[in-house]
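Read off the chains here:
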Amino acid sequence: MALPARIKVGPLTYRVSSKAASHDREQVEQKSELDGVCDHTKQQISLSPQLLPDASRVVLVHELLHAIFHITGLGHDMEDGTEEKLCRVLEGPLVMLLRDNPRLVAHLTER
Ligand SMILES: [Zn+2]
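The rules behind these values
Residues numbered from 1 in each chain as written. Predicted model: local features only at pLDDT ≥ 70, side-chain atom pairs only at ≥ 80, totals over all residues. Pairing = 2+ DSSP bridges. Helix = DSSP H or I, 4+ residues; strand = E, 2+ residues; numbered from the N terminus. Buried ≥ 20, exposed ≤ 12 C-beta atoms within 10 Å, placed from the backbone. Core = buried A, V, L, I, M, F, W, Y, C linked by C-beta atoms within 7 Å.

**Points about the pairing of strand 3 (residues 36–39)**
Taken together, the 4 bridges between strand 3 and strand 4 (residues 44–47) define a ladder with antiparallel strand orientation. Across the sheet, Val37 pairs through a bridge with Ser46, a residue of strand 4. Once strand 3 ends, the chain turns through 4 residues before running back antiparallel as strand 4, passing Gln43 with a positive phi of about 50 degrees.

In structure tokens:
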């Protein structure tokens, strides 16, 4: 399935892109060379177009965890580096949990 163009994180909707131009622009603005950038002000997540699909999913979840910490305000309460560590610790297990348990995902997303 294609990368969703928009993802709701609580009350905010983030635009998501893996286009080179968008990611390059975010890297320049954020002064980073990361595989993913979550810009809370613009509500935009950009992913490196160089990433292979599996890595892209992990980076997307990583950036979504940053968005969750932002909307909950937890990111402001943590010491420098703690939020990043939490995102790194949780990104892989969360992707694996969701991928390895499609019935769980169906159960959780049933309306
Ligand atoms: Zn991060």
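**Quick word on the environment of Pro53**
Among the structural elements, Pro53 can be located in helix 2 (residues 53–72). For Pro53, a count of 7 C-beta atoms within 10 Å puts it in the exposed group. Along the sequence, Pro53 and Thr72 sit 19 residues apart, while their C-alpha atoms lie 28 Å from each other.

**A closer look at the pairing of strand 1 (residues 6–9)**
Direction of pairing for strand 1 relative to strand 2 (residues 12–17): antiparallel, over a ladder of 4 bridges. Along strand 2, the bridge assignment pairs Ile7 with Tyr14. A loop of 2 residues connects strand 1 with strand 2, the two strands running antiparallel in sequence, and Gly10 in this loop sits at a positive phi of about 60 degrees.

**Points about the nonpolar core**
Side chains of nonpolar character tend, in soluble globular proteins, to be buried together. Judged by nonpolar contacts, the single largest core of 14 residues is most densely connected at Tyr14, Ile45, Leu64 and Ala67. Per-element accounting of this core gives the leading share, 6 residues, to helix 2.

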